[in-house]
Amino acid sequence: MKSVASLGALFLLAACPGERAVLDSGEPSPLATDDAAYLVQLGLIRGHLRVGHALLEAGADAAAATHSKHPSDELYADLEAAFEARGKPGFAAALSELATAFEAGDLDDASAAHDAVREAISDAESGVAVNPVKAANVILGLLRVAAWEYGVGIADGEVANAHEYQDAWGFTQTAKDWAARLAESGESAPVFSAIQARLAELEDLWPELVPSEVTPAMNAARLYGVAAEVEIMALELTR
Amino acid sequence: MRPAFTLLSLLLLAAHASAEEVVNVYSARHYDTDLALYDRFTEETGVVVNLIEGSSDGLIERIVNEGEFSPADMLITVDAGRLWRADEAGVFEPVQSDVLEARIPAHLRHPEGHWFGLSKRARVIVYNKEAGLPEGIDAYEDLADESLKGQVCMRSSGNIYNLSLLASLIEHRGAEAAESWASGVVANFSRDPQGNDSAQIRAVASGECGVSVANTYYIGRFMGSEDAADQDTVAGIGVLFPNQKGRGTHVNISGAGITRHAPNRDNAVKFLEYLTSDFAQRLFAEGNNEYPVHGTASGPIATLGEFREDEVDANVLGANQAAAVMAFDRAGWK
């Protein structure tokens, strides 16, 4: 057994400058060729929509509408070239319909639109050959963005930005979904089960979706720390 | 089903953790020889090395962000200036080890054990061999001599190696003299600062400029390369260890420290001590064409010969960093 391992293929969102899975280096977007970066970008959209839908269910219509617009405002444009390169149709119209439905505040319509976009994202994800290391990189990418956003949302013991705090929840939920999927079967299932269990311990970072007060547990360092632990757990996949 | 599965995963994780001793290493070094070294440590001790790689500043930022929840046990990075930055950011926890104190010279480690030098690199003067060493040049200070007008090329002032070199000059000559030196060097530039140390070496070899400074491991890489162009480059330069008649040549270090919240501190100390063993020192240094902190040099750089090194406390290379930045800025060194 090799004792030293490193996720060499790991794309680094070291500084996490906002929620872009694209390194801000002036180089062409890697989304067309970097599967993990592509899946993270789609995962960020999933996270936004998930938190938007949860807020709508909770009656926070205005906040939900804001979250529903962010995928097209912040994330979708970077994906268009990747869709073309990967032979995928994209889902701009579905995103637009979703934003309209969320704006109107009708939960049934919004749920239907949410389902439609999720299906379109699944189609965009299909065809990407996902191996355990790649999946770990996606989980890690989502968690790093989540940690960065959480740190913006909760700062100096106060709710500094509820929107970013909510984004962090959505991205972490998407990371959990990835871990759960990979934990279902296969040789790597124990590693992803362990990751899944670790992520499950983060629930108290979000005692409420619309935060009213900050508890001692609400500390971005926990999310950064768990992201690092996940990276170490995932080293097992390369040994 | 799901709760039961989660419980199972927890049990698996617990079993895994209890069965395996680990040390979590965050490293800014990326050499295959390091991996072989870490494998040997595992064979000898049973402690598995979990290696997380990244840039120096990126890893420091990560450890700071992770705070008390960081799994990092150790940070390995290059340049005393960066070790100092990490220490200033509260990354390290002091270590008292008779083994480390016996094997690492005092000037190459933090006085209170926050970090320890593991290998050295010298910052030397390189000159165009065909043109020869300009007359009267034998110290860094001479690079500011007006006789070298239009002959000096350098990398940018923001580079940590240049910052550490100027920090050492500040320590020896004072801030005013160091800034005056920087101004003199700027006046001798043959071009605006650009490229890394390799680019300076190539520029000197091609005759684009006459003299520059570079870390010895860059020269070692050219020497060890099988590429014909690299061999031509190294054949086109001469190497001078500066200040041999005085304080000695400026050296810098790769080094490591144990992190403040290290969850596996005992293993980390054991690993750090292992890295100073004779066997590890040879591999750790050779992996990047560096000099060991104890023992003799090996690999291509050994052919450069022995030299007297500046034994200024490596800690001041970081402590004087802010003053060096300001001096470079006022001197107009881009």
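Here the structure is a predicted model, which means the values were calculated and not measured.

Q: Tell me what's going on with the overall build of chain B, and back it up with residues and numbers.
A: Scanning chain B for helices and strands turns up 14 helices and 8 strands. By the compact-globule yardstick of 20 Å for 334 residues, chain B fits well, its C-alpha radius of gyration being 22 Å. In terms of overall dimensions, chain B has a C-alpha envelope of 80 × 40 × 40 Å along the principal axes. Residue burial in chain B is summarised as follows: out of 334 residues, 57% are buried. Sequence separation of at least 24 residues holds for 79% of the intrachain contacts in chain B that already meet a minimum separation of 6. Looking at chain B as shown, the accessible area adds up to about 13,500 Å², and 49% of this sits on carbon and sulfur atoms. Within chain B, one finds 27 positive and 48 negative side-chain charges whose respective centroids are separated by 2 Å.

Q: Describe the overall build of chain A, and please don't skip the residues or the numbers.
A: Scanning chain A from N- to C-terminus turns up 8 helices and 2 strands. Listing each helix as α and each strand as β along chain A from the N terminus yields α-α-α-α-α-β-β-α-α-α. Here chain A holds 239 residues, and the buried ones make up 56% of them. Taking all contacts inside chain A whose residues are at least 6 apart in sequence as the whole, residues at least 24 apart take part in 74%. Looking at chain A as shown, the accessible area adds up to about 9,500 Å², and 50% of this sits on carbon and sulfur atoms.

Q: Could you give an account of helix H7 (residues 175–187) of chain B, with specific residues and numbers?
A: Residues and elements named next belong to chain B. Taking 1.5 Å per residue, 13 residues should reach 18 Å; H7 reaches 18 Å between its end C-alpha atoms and fits that length. By the burial criterion, the buried members of H7 are Ala178, Trp181, Ala182, Gly184 and Val185. Each buried residue of H7 sits inside an arc of 160 degrees when the element is viewed along its axis, so together they form one side. Buried-residue contacts for H7 involve helix H6 (160–173) and helix H14 (321–331).

Q: Could you give an account of the side chain of glutamine 321 of chain B, naming the residues involved and the relevant values?
A: In this fold, glutamine 321 of chain B is placed in helix H14. There is a polar contact of 3.4 Å between the side chain of glutamine 321 of chain B and the backbone oxygen of glycine 81 of chain B.

Q: Could you give an account of unusual backbone geometry, naming the residues involved and the relevant values?
A: Residues and elements named next belong to chain B. Positive phi, normally seen in glycine, also occurs at aspartate 79, with a value near 85 degrees. Structurally, the position occupied by aspartate 79 is in the loop between strand S3 (74–78) and helix H4 (80–88). When its relative accessible area of 0% is taken as the criterion, aspartate 79 is described as buried. Within the chain, asparagine 289 stands out as a residue other than glycine whose phi angle is a positive 50 degrees. Following the sequence through the fold, asparagine 289 ends up in the loop between helix H12 (278–286) and strand S8 (291–292). Overall, the relative accessible area of 13% leaves asparagine 289 in the buried class.

Q: If you had to explain the state of the cysteines to someone new, which residues and values would you point to?
A: Residue and element names in this part refer to chain B. This model, assessed by the stated rule, comprises 1 disulfide over all chains. A sulfur-sulfur separation of 2.0 Å characterises the disulfide bridge that pairs cysteine 153 with cysteine 209. Of the two residues, cysteine 153 is situated in the loop between strand S4 (116–128) and H6 and cysteine 209 in the loop between helix H8 (197–206) and strand S5 (211–215); the sequence distance between them amounts to 56 residues. Residue cysteine 153 shares its accessibility class with cysteine 209, and that shared class is buried.

Q: Could you give an account of the pattern of salt bridges, with specific residues and numbers?
A: Residues and elements named next belong to chain A. Inspection of every chain in the model, using the stated rule, returns 30 salt bridges over all chains. In this structure, aspartate 115 engages arginine 118 in a salt bridge whose closest nitrogen and oxygen atoms are separated by 2.7 Å. With a gap of 3 residues between them, aspartate 115 and arginine 118 both fall in helix H4 (residues 107–125), about one helical turn apart. Looking at aspartate 115, the relative accessible area reads 39%, which means it is partly exposed.

Q: Could you give an account of the packing of helix H1 (residues 35–57) of chain A against helix H2 (residues 61–86) of chain A, naming the residues involved and the relevant values?
A: Residues and elements named next belong to chain A. Closest axis-to-axis distance for the H1/H2 pair is 9 Å, and the angle between their directions is 160 degrees. Classified by the angle their axes make, H1 and H2 are roughly antiparallel. The two elements H1 and H2 meet at a crossing, and its hand is left-handed. Of the residues belonging to the contact of H1 with H2, the class tally is 15 nonpolar, 6 polar and 5 charged.

Q: Run through the packing of aromatic side chains, naming residues and quoting values.
A: All names here are of chain B. For the coordinates displayed, the defined rule picks out 17 aromatic pairs over all chains. Taken together, a centroid distance of 6.4 Å and an interplanar angle of 85 degrees make the contact between tyrosine 161 and tyrosine 217 edge-to-face. Of this pair, tyrosine 161 sits in helix H6 while tyrosine 217 sits in helix H9 (residues 216–224); the two residues are 56 residues apart in sequence, bridging distant segments of the chain. Of the residues examined, tyrosine 161 reaches a relative accessible area of 9% and is grouped as buried.

Q: Explain the nonpolar core to me, and be specific about the residues and the numbers.
A: Phe91 and Tyr150 of chain A are the most contacted members of the largest nonpolar core, which totals 74 residues. A total of 13 residues in this core trace back to one element, the largest contributor, which is H1 of chain A. Apart from the residues lying within four places of it in its own chain, the contact partners of phenylalanine 91 of chain A are Leu42, Ile45, Tyr76, Phe83, Val117, Ala120, Ile121 and Ala124 of chain A. Of all hydrophobic cores here, the second largest spans 51 residues; its members include Ala80, Leu118, Val293 and Val312 of chain B.

Q: Tell me about the pairing of S3 of chain B, and please be specific about residues and values.
A: All names here are of chain B. Of all 5 residues in S3, 5 are buried, a share of seventy percent or more. Residues Met74, Ile76 and Val78 of S3 are buried on one face, and the alternating residues Leu75 and Thr77, pointing to the opposite face, are buried as well. The pairing of S3 with strand S7 (residues 251–258) spans 5 bridges and is antiparallel. Each bridged residue has a counterpart across the sheet, and for leucine 75 the counterpart in S7 is glycine 257.

Q: Please set out the confidence of the model for chain B residue by residue, giving values where relevant.
A: Residues and elements named next belong to chain B. With 94% of its residues at a pLDDT of 70 or more, chain B has an overall mean of 92. Confidence over residues 1–18 falls short of pLDDT 50; this stretch has 15 contacts with residues more than four positions distant or in other chains. Scored as a whole, the predicted complex attains pTM 0.86, and scored at its interfaces, ipTM 0.86.

Q: A description of the environment of serine 119 of chain B should follow, citing residues and the corresponding values.
A: Residues and elements named next belong to chain B. For serine 119, the position within the fold is in strand S4. For the pair serine 119 and asparagine 252, spaced 133 residues apart in sequence, the C-alpha to C-alpha distance is 8.4 Å. Those residues in contact with serine 119 that lie beyond four places of it in its chain are Arg29, Asn252, Ile253, Ser254, Phe284, Ala285, Glu290, Tyr291 and Val293. Within the structure, serine 119 has its side chain in polar contact with the side chain of glutamate 290 (distance 3.0 Å).

Q: Give a detailed account of helix H3 (residues 92–104) of chain A, specifying residues and quantitative values.
A: All names here are of chain A. Between its first and last C-alpha atoms H3 spans 19 Å; for 13 residues at 1.5 Å apiece the expected length is 18 Å, and the two agree. Residues of H3 that are buried: Ala94, Leu95, Leu98, Ala99, Ala101 and Phe102. Buried residues of H3 fall within an arc of 165 degrees about the axis and therefore sit on the same side. Opposite its buried face, H3 presents the exposed residues Ala93, Glu97, Thr100 and Ala104, each directed more than 90 degrees away. In this structure, the buried residues of H3 make contact with H1, H2 and H4. Two residues or fewer past H3, glycine 105 is found with a positive phi of approximately 80 degrees.

So, how was this worked out
- Residues numbered from 1 in each chain as written.
- Chains lettered and ligands numbered in written order.
- Predicted model: local features only at pLDDT ≥ 70, side-chain atom pairs only at ≥ 80, totals over all residues.
- Heavy atoms only, no water.
- Helix = DSSP H or I, 4+ residues; strand = E, 2+ residues; numbered from the N terminus.
- Rg over C-alpha atoms; globule rule 2.2 N^0.38 Å.
- Buried < 20%, exposed > 50% of the residue type's maximum accessible area, 1.4 Å probe, protein only.
- Contact = heavy atoms within 4.5 Å.
- Areas by Shrake-Rupley, 256 points an atom, 1.4 Å probe, with all protein chains shown as cover.
- Lys, Arg positive; Asp, Glu negative; His and termini not counted.
- Charge placed at Lys NZ, Arg CZ, Asp CG, Glu CD.
- Expected span 1.5 Å × (residues − 1).
- Arc of directions from axis to C-beta.
- Polar contact = N/O pair within 3.5 Å; in protein donor to acceptor, adjacent residues only side chain to side chain.
- Disulfide = S-S within 2.5 Å.
- Salt bridge = Lys/Arg side-chain N within 4 Å of Asp/Glu carboxyl O.
- Axes fitted to C-alpha atoms, helices over the stretch in contact; angles between N-to-C directions.
- Parallel < 35°, antiparallel > 145°, perpendicular 65-115°, else oblique.
- Left-handed = near helix turned anticlockwise from the far one by under 90°.
- Nonpolar A, V, L, I, M, F, W, Y, C, P; charged D, E, K, R; others polar.
- Phe/Tyr/Trp six-rings, centres within 6.5 Å; stacked < 30°, edge-to-face > 60°.
- Core = buried A, V, L, I, M, F, W, Y, C linked by side-chain atoms within 4.5 Å.
- Pairing = 2+ DSSP bridges.
- pLDDT = per-residue confidence, 0-100.

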